[in-house]
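Each chain, written out:
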Amino acid sequence: MQVSLSFERSLSKDVAIMVDVLRASTTITVALEKIPNIIPTLEIEEALALAPEHQAFLAGERGGATIEGFDVGNSPLEIQELEGETLIITTSNGTRILEGIRGRAMIGSFINARAVANKALQVATDHVEVVMAGVRGNFAIEDFLGAGEIISHLQDEELDEMAQAACLAIENQEKVDQAVKGSRSAQNLKKLGFGKDVEFCLQRDKSQLVPEFKDGLIRILE
Ligand SMILES: O=C(O)[C@H](CS(=O)(=O)O)OP(=O)(O)O
Ligand SMILES: [Mg+2]
């Protein structure tokens, strides 16, 4: 099995795992514990327009800050409190990257790294691509390290050089935690009062859930 790491744009027609550690991947994975259907949207207006017909909760942020009038932010801790049928979510990076995936799209982060890696291996034909979301077109260290955590569970496969680099980068967990906490994204979230979300997002293998994005909907891949 080939394993590759890419940034922003997915090239695979097989399986692609979108990684947005802070915070879309983590928030979506947690939301699926109590909400079976998640609709990601690119725009706030689209989210607002869809909410009444689905009687859905609204979650989302811009620049990390909760969108006015939404039930919760893009926050794994806040989303844990919600229970229902449908959630609509719009975020700055993660939801946009998902839309660009042409293959089978899964969602991964530190909290489900092992589960998503195993599932990808099971269902892929010959290629698992890990896609770092980044922040508005820029590299984000938290996504590189989250990708490394996932790839560390695929080490027996044929890793490209980017994938090897990410895997090597996560060898020291203490340094990984320090780097993620010191990232621009984490600093921004701390300023906005979401410091505890950063700690939450760093938990390893807390979840066995693997979210899959298919036909406009995110659900648990059984
Ligand atoms: O909500 C988040 O943590 C980020 C905010 S920002 O774009 O990094 O300012 O959004 P995400 O889509 O989860 O990267
Ligand atoms: Mg992010």
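- As annotated in an unreviewed UniProt entry, the protein chain carries the name 2-phosphosulfolactate phosphatase and comes from Methanobacterium formicicum.
- Its UniProt record gives the protein chain the following Cofactor (unreviewed entry) comment, quoted word for word: "Mg(2+)".
- In UniProt, the protein chain has this text filed under Sequence similarities (unreviewed entry): "Belongs to the ComB family."

Here's the deal with the coordination of the magnesium ion (ligand 2)
Then step 1. Coordination of the magnesium ion (ligand 2) by the protein involves Asp20 (OD) and Leu22 (O), with metal-donor separations of 2.1 Å.
Then step 2. On the accessibility criterion, Leu22 (9% relative accessible area) is buried.

Observations regarding the site of ligand 1
Then step 1. Around ligand 1, the structure places 16 residues, and the nearest of them are Asp20, Arg23, Asn74, Thr91 and Asn93.
Then step 2. At a separation of 2.9 Å, an oxygen atom of ligand 1 approaches a polar side-chain atom of Thr91.
Then step 3. Within the complex, 98% of the 360 Å² of free accessible area of ligand 1 lies under protein.
Then step 4. Among the cavities detected, the one that contains ligand 1 is the largest pocket.

Some points on the confidence of the model for the protein chain
Detailed reading of the predicted coordinates is not advisable wherever pLDDT is low.
Then step 1. Summary statistics for the protein chain give a mean pLDDT of 97 and a share of 100% for residues scoring 70 or more.
Then step 2. The complex prediction reports pTM at 0.98, with the ipTM value standing at 0.95.

Conventions used here
- Residues numbered from 1 in each chain as written.
- Chains lettered and ligands numbered in written order.
- Predicted model: local features only at pLDDT ≥ 70, side-chain atom pairs only at ≥ 80, totals over all residues.
- Heavy atoms only, no water.
- UniProt positions renumbered as here; feature names shortened; annotations may be inferred.
- Donors = N, O, S within 2.8 Å, 3.2 Å for Na, K, Ca; no water.
- Buried < 20%, exposed > 50% of the residue type's maximum accessible area, 1.4 Å probe, protein only.
- Near = heavy atom within 4 Å.
- Polar contact = N/O pair within 3.5 Å; in protein donor to acceptor, adjacent residues only side chain to side chain.
- Areas by Shrake-Rupley, 256 points an atom, 1.4 Å probe, with all protein chains shown as cover.
- 1 Å grid on protein atoms, 1.4 Å probe; cavity = no way out; pocket = protein on both sides within 12 Å on 5 of 7 lines; lining within 4 Å.
- Sits in = over half its atoms within 2 Å of the grid points.
- pLDDT = per-residue confidence, 0-100.

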